Amino acid sequence: MHHQERLLREIIKRNGATEYGRKHRLMEINSLEQFRRQHPLTNYEHFRSYVDRMMDGERDILIHGQPTSYIRTTGTTGKSKYIPQIKRMGVMVHVVAIMNYVYNELYQVGALRKSLYFYVAPEILKTRSGIDIETAATISEGYDLGLSSFSTPPAGYKITTLYEALYVQLLFGLLDPDIGAMVMWFIHYLESAMKMLETNWRQLVYDIRHGTLNPALKLPAEIRRKLSEDLTRHGADPKRAAQLEKEFEKGFRRIIQRIWPRIRGIHGIDTSGSWPRINQTYAEGLPLVTLNYGCSEAWMCVSPGPKFVKSGYLPFVDKILFEFIREKDMNLDKPRTFFLNEVENGKNYEIVVTQGFGLYRYRLGDVVRIEDFFNNTPVIEFLYRTGQMLNLRFEKLDQTVVLESVRAAVNRWPGRCMLEFAVAESTILSQNCPVAEPDELAPYYLFFIELLALDKPLSDAEKRVIDEELRLRNSDYERLRREVSISHPRVLVLRPGTFDDLKNYLVENTGASANQYKVPRKLRTYAMVDALLKGVV
């Protein structure tokens, strides 16, 4: 709490004289308790008009001076937000340095070994006043030296198309048999990369054997020139090509360990539930390591590894000011908040953050559990986002319950393998929607399920299993179903690749970048539903 008090004083000293600071009398605040009492809880709409003015070039509005950039949220679950930043890459470097230290402490792979990092360069926009609009994962211009720990040269991280980026990053990664870590923001990147490897390994081996770069890749001329120069410096490598060819011809089970024997874990975040599938094929035997917890609004926590805690994350107490709202109080108009020293072990809370870039007592919408305490610091485990909660009546099905129910249902479907799923509430369907049921009086959920194979359709009995599993896990849902206040779920099976089509649609039509994209478990707009309906079989 010493660090939290000091952080609050620093934020007020830096930003208290701004227009926002004067309006909310920040300079009068002398303690955490006074801050909690005086400043209201907020969401992004509380700040939107201030941010809009800053983006037009006004100074000293939310923060002293102007931001150095803005982070654009994905927009896949609503209108994009723009989060002011000051020296974002400095914060990112700090977090990544801690993650690298923990990873090397865990696996002793050697700090000098390269990492294979999968990344697609998102489009960088400009505000009306000329300030960069980025994503949380954007590698800023002028950061080439910071990329020296990765196997791909800097030009490979300026590629804006998924196919070309993954091909180039695989090529340079395959050249190095001593890769020590494999890193990506979201684990679905790894699955995409491994599928590409299965399809394109012969061309990759050819390029390695001859020191060439696939001429079919659609690359800007300058990027191709720089990458070709890097390949020339490395030279043709027929010995490595022969090793790889031999392993690829054996098949792709455990392929990661076979071609990179020093990798001890995969670092990324599994938002789509795809890791069990990857772990049974390409990465069999490797652990998934998730060392950070954050979002566009704030880098909040880091995992110190199992040497210190079994699971979960420790908060950056000197970077982010934390408050917590009890899960049962989240719908109250003015819920009570709790500081880090007031939370209870085993309880669930919504996170509220204050940071130095203009967000004060900001409700993130993330719900976490306090798993334990390390010394006197809470160990935090992410559970779900409130914006992804399903709620036709008042049953409040959170992501954890829905995911557990769907997985349990699929386990009861003999011979079925689920690739992805998403859920929509029937209340967002248009009258002209092909699956709308105007004669149905009770609302219902639509489950969109993409299966690995479509050799036979799902039976009605198999579809009912999802309803059964939901009723087992949520007593309010069970009662509402019993009362027929909610109708039974509709289960729609999709052809393989439909969720890729949804991703392409959202990347093209929202503020999402390929790096940021996460499968939206709750479909919040009819346009998202319509994108999946095209794949119904």
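Quick look at the structure, then. (Residues numbered from 1 in each chain as written. Predicted model: local features only at pLDDT ≥ 70, side-chain atom pairs only at ≥ 80, totals over all residues. Heavy atoms only, no water.)

With respect to the overall build of the chain
Counting secondary structure elements, the chain contains 16 helices and 20 strands. For a compact globule of 537 residues, the expected C-alpha radius of gyration is about 24 Å, and the chain comes in at 24 Å, within 12% of that figure. In terms of its C-alpha atoms, the chain occupies a principal-axis envelope of roughly 70 × 60 × 45 Å. For the chain, the share of sequence-separated contacts (at least 6 apart) that also reach a separation of at least 24 residues comes to 66%. Split by element, the accessible area of the chain, about 24300 Å² in all, is 50% carbon and sulfur. Taken together, the 73 basic and 66 acidic charged side chains of the chain have centroids lying 2 Å from each other. (Helix = DSSP H or I, 4+ residues; strand = E, 2+ residues; numbered from the N terminus. Rg over C-alpha atoms; globule rule 2.2 N^0.38 Å. Contact = heavy atoms within 4.5 Å. Areas by Shrake-Rupley, 256 points an atom, 1.4 Å probe, with all protein chains shown as cover. Lys, Arg positive; Asp, Glu negative; His and termini not counted. Charge placed at Lys NZ, Arg CZ, Asp CG, Glu CD.)

Some details on the sheet that holds strand β13 (residues 337–338)
To summarise the sheet geometry, strands pair through backbone hydrogen bonds and adopt either a parallel or an antiparallel arrangement. Taken in spatial order, the five strands make up an open sheet running β13-β12-β14-β15-β16, and their pairing is antiparallel. The sheet terminates laterally at β13 and β16 (377–385), the two strands that pair on one side only. Here eight bridges tie strand β15 (residues 362–374) to β16, and the two strands are oriented antiparallel to one another. Bridge assignment links F373 to a residue of β16, and that residue is P378. (Pairing = 2+ DSSP bridges.)

Some details on the pairing of strand β19 (residues 490–494)
Counting buried residues along β19, five of its five residues qualify, which places the element largely inside the surrounding structure. Of the two faces of β19, the one carrying R490, L492 and L494 and the one carrying V491 and V493 are both buried. Direction of pairing for strand β18 (residues 445–451) relative to β19: parallel, over a ladder of five bridges. Considered in β19, the bridge of F447 is made with V491. (Buried < 20%, exposed > 50% of the residue type's maximum accessible area, 1.4 Å probe, protein only.)

Section: the sheet that holds strand β2 (residues 82–85)
Pairing in this open sheet of four strands is mixed, and the strands run β2-β1-β5-β4 from one edge to the other. Among the strands making up the open sheet, the edge pair consists of β2 and β4 (125–126). Of the strand pairs in this sheet, strand β1 (residues 69–72) and strand β5 (residues 132–134) are connected by three bridges, and their pairing is parallel. Across the sheet, residue S69 finds its bridge partner in β5, namely D132. Those strands touched by helix α4 (residues 44–55) are β1, β2 and β5, and its axis lies near 60° from that of β2. (Axes fitted to C-alpha atoms, helices over the stretch in contact; angles between N-to-C directions.)

Comments concerning the side chain of E164
Within the secondary structure layout, E164 lies in helix α6 (residues 162–175). E164 has contacts with I159, L217, K218 and L219, leaving out every residue within four places of it along the chain.

A word on the nonpolar core
Within soluble globular proteins, side chains that are nonpolar generally end up buried alongside one another. Counting residues in hydrophobic clusters, the biggest one holds 49 residues, and the most contacted among them are F118, M182, L190, L197, F248, I256 and I266. Broken down by secondary-structure element, the contributors of at least two residues to this core are α6, β6 (181–186), α7 (188–210), α8 (221–234), α9 (238–249), α10 (255–259) and α11 (275–279). Here this core takes 10 residues from α7, the largest share from any one element. Those residues in contact with F248, other than ones at most four positions away along the chain, are L174, L197, W201, V205, I255, R258 and I259. In this structure, Y50, I71, V353 and Y360 belong to the second largest nonpolar core, which totals 48 residues. (Core = buried A, V, L, I, M, F, W, Y, C linked by side-chain atoms within 4.5 Å.)

Things to note about helix α12 (residues 399–411)
Along its 13 residues, α12 runs 18 Å from first to last C-alpha, staying within 8% of the 18 Å computed at 1.5 Å per residue. Residues of α12 that are buried include every one of V401, V402, S405, V406, A408, A409 and V410, and no others. Those residues of α12 that are buried are in contact with β17 (418–425), β18 and α13 (460–473). (Expected span 1.5 Å × (residues − 1).)

Topic: the pairing of strand β12 (residues 321–326)
Counted residue by residue, β12 has five buried out of six residues, so it is predominantly covered. Direction of pairing for β12 relative to strand β14 (residues 348–354): antiparallel, over a ladder of six bridges. Bridge pairing in β14 places F324 opposite I351. Relative to β13, β12 runs antiparallel, the two sharing two bridges. Each residue of the ladder has a partner; that of I325, found in β13, is T337.

Things to note about the packing of helix α15 (residues 498–509) against helix α16 (residues 526–533)
As a packed pair, α15 and α16 sit with axes 8 Å apart at the nearest point and diverge in direction by 145°. Relative to α16, α15 is oriented so that their crossing is right-handed. Every residue of α16 that contacts α15 at T498, F499, L502, Y505 and L506 is listed here: A527, M528, A531 and L532. Broken down by class, the residue content of the contact of α15 with α16 amounts to eight nonpolar, one polar and no charged. (Left-handed = near helix turned anticlockwise from the far one by under 90°. Nonpolar A, V, L, I, M, F, W, Y, C, P; charged D, E, K, R; others polar.)

Observations regarding the packing of aromatic side chains
Across all of its chains, the model carries 19 aromatic pairs by this definition. Here Y119 and Y157 contribute two aromatic rings whose centre-to-centre distance is 6.0 Å and whose plane-to-plane angle is 65°, an arrangement assigned as edge-to-face. Taken together, the residues Y119 in the loop between β3 (115–117) and β4 and Y157 in the loop between β5 and α6 connect sequence positions 38 residues apart. Ring geometry for Y293 and Y313: centres 5.9 Å apart, planes at 40°, overall tilted. Of the two residues, Y293 sits in strand β9 (residues 292–294) while Y313 sits in the loop between β10 (299–302) and β11 (314–315), which places them 20 residues apart along the sequence. Accessibility assignment for this pair places Y293 and Y313 in one class, buried. Site record: aromatic cluster; members linked through ring pairs are Y20, F47, Y50, Y360 and Y362. (Phe/Tyr/Trp six-rings, centres within 6.5 Å; stacked < 30°, edge-to-face > 60°.)

Quick notes on the environment of L403
In this structure, L403 sits in helix α12. Assessed through its relative accessible area of 26%, L403 is described here as partly exposed. When the C-alpha atoms of L403 and S115 are compared, they prove to be 31 Å apart, with 288 residues separating the residues in sequence.

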